[in-house]
Amino acid sequence: MNNLKRITIFVLHDEDSSDFEWVHEWILKWKRADQLTVVDYSSGGWEHLWDIEASSGAVAEVPENYLCDSEWSNSTLFNK
């Protein structure tokens, strides 16, 4: 994989599962193309958080409101 980017995705899956379903399908699509690796995943029930390494093309498809800063995706923000 060239031009790998680190991102963190956060979505809620409460009364409406469409955001979660979109991320799930997006992950499957890009994993099949060998352009994405899920490095970590956590869930608090309705809250879902993925740390992902993916190609620029895959990242370009992610809606901006799904992205969040984390130590994985933006380590300089978290350096003390």
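Residues numbered from 1 in each chain as written. Predicted model: local features only at pLDDT ≥ 70, side-chain atom pairs only at ≥ 80, totals over all residues. Heavy atoms only, no water.

A word on the environment of D51. Tracing the chain through its elements places D51 in strand β3 (residues 47-54). Taking the relative accessible area as the measure of exposure, D51 reaches 13% and is therefore buried. Separated by 2.8 Å, the side chains of D51 and T8 make a polar contact. (Helix = DSSP H or I, 4+ residues; strand = E, 2+ residues; numbered from the N terminus. Buried < 20%, exposed > 50% of the residue type's maximum accessible area, 1.4 Å probe, protein only. Polar contact = N/O pair within 3.5 Å; in protein donor to acceptor, adjacent residues only side chain to side chain.)

Trans is the common state for peptide bonds, and a negative phi is the common state for residues other than glycine. A positive phi angle, close to 55 degrees, is found at D34, a residue other than glycine. Looking at the element boundaries, D34 is found in the loop between α1 (18-32) and β2 (36-43).

Moving on to the sheet that holds β3. Taking strand neighbours across the sheet as the criterion, the 3 strands line up as β1-β3-β2 in an open arrangement whose pairing is antiparallel. Because the sheet does not close on itself, it has two edges, and the strands there are β1 (5-12) and β2. Across the sheet, the mean angle separating the axes of adjacent strands is 20 degrees when strand polarity is ignored. Note: β1 against β3, 8 bridges, orientation antiparallel. Following the sheet pairing, K5 is matched in β3 by A54. Sheet contacts for α1: β1, β2 and β3; angle to β1, the most-contacted strand, approximately 150 degrees. (Pairing = 2+ DSSP bridges. Axes fitted to C-alpha atoms, helices over the stretch in contact; angles between N-to-C directions. Contact = heavy atoms within 4.5 Å.)

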